[in-house]
Amino acid sequence: MLRKFIIPIILISAFSAMSIYTDSTLPFQREFALGQAVFSPLDEAALTRLESMAANENAAIHKATRILDIYIVSWQPDIDIDAYETAMKTGDYNTVLELHKRGEPEVQGMIEFLKNSGLVKWACP
């Protein structure tokens, strides 16, 4: 029963620590990090295949925790990063939200790819 609660807590903690394009000062809630998805591979062979596939697409896979088999795949999101960072610095949250929404299909596409690959137990934003 305890394990049922530990995994979500670790996922939330990992997302908080690993999100590259997020800022806790935003006045709205974001449900995903741009250019990132979290997953658990089926086994070591599946992880090796995923790492190879990620490298071919200029993405990287990092272990999110030391104990659990949770990984983060990250890539450069296909949005204007300079505009995003400028909007973050200047407090232009309408632009931040617009750019964040533009990046959502990319994140969802990665999750679908991971799920359809047959190489992961689960994947989420």
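First, a word on scope: everything that follows refers to the structure included in this document.

### A word on the pattern of salt bridges
Counting across every chain of the model gives two salt bridges. As a salt-bridge pair, Lys 63 and Asp 69 come within 3.7 Å of each other at their nearest N and O atoms. For Lys 63, a relative accessible area of 37% corresponds to the partly exposed category.

### Let's talk about the packing of helix H3 (residues 81-90) against helix H4 (residues 93-117)
The contact between H3 and H4 brings their axes to 8 Å, and the two run at 145°. For the pair H3 and H4, the sense of crossing is left-handed. On H4, the residues that touch Ala 83, Tyr 84, Ala 87 and Met 88 of H3 are Thr 95, Val 96, Leu 99 and His 100.

### Focus on the environment of Glu 44
Along the polypeptide, Glu 44 turns up in helix H2 (residues 44-56). Judged by its relative accessible area of 54%, Glu 44 is exposed.

### Section: unusual backbone geometry
Residue Asn 58 is not a glycine yet carries a positive backbone phi of 60°. For Asn 58, a relative accessible area of 68% gives the class exposed.

### Here we look at the sheet that holds strand S4 (residues 120-124)
Ordered in space as S2-S3-S1-S4, the four strands form an open sheet in which the pairing is antiparallel. Each edge of the open sheet carries a strand with a single partner, namely strand S2 (59-63) and S4. Within this sheet the neighbouring strands show an average axis-to-axis angle of 25°, counted without direction. On the sheet, H4 packs against strand S1 (36-41), strand S3 (71-75) and S4 and is oriented at approximately 170° with respect to S4.

### Let's talk about H3
Looking only at H3, the buried set comprises Ile 81, Tyr 84, Ala 87 and Met 88. For H3, the angular spread of buried residues about the axis comes to 130°, placing them on one side. Across H3 from its buried face, at more than 90 degrees, point the exposed residues Asp 82, Lys 89 and Thr 90. As for H3, its buried residues are in contact with H4. Capping of H3 at its N-terminal end is provided by Asp 80; its side-chain oxygen lies 3.2 Å from the backbone amide nitrogen of Asp 82. Of the residues trailing H3, Gly 91 is marked for its positive phi of about 80°.

Conventions used here
- Residues numbered from 1 in each chain as written.
- Predicted model: local features only at pLDDT ≥ 70, side-chain atom pairs only at ≥ 80, totals over all residues.
- Heavy atoms only, no water.
- Salt bridge = Lys/Arg side-chain N within 4 Å of Asp/Glu carboxyl O.
- Buried < 20%, exposed > 50% of the residue type's maximum accessible area, 1.4 Å probe, protein only.
- Axes fitted to C-alpha atoms, helices over the stretch in contact; angles between N-to-C directions.
- Helix = DSSP H or I, 4+ residues; strand = E, 2+ residues; numbered from the N terminus.
- Left-handed = near helix turned anticlockwise from the far one by under 90°.
- Contact = heavy atoms within 4.5 Å.
- Pairing = 2+ DSSP bridges.
- Arc of directions from axis to C-beta.
- Polar contact = N/O pair within 3.5 Å; in protein donor to acceptor, adjacent residues only side chain to side chain.

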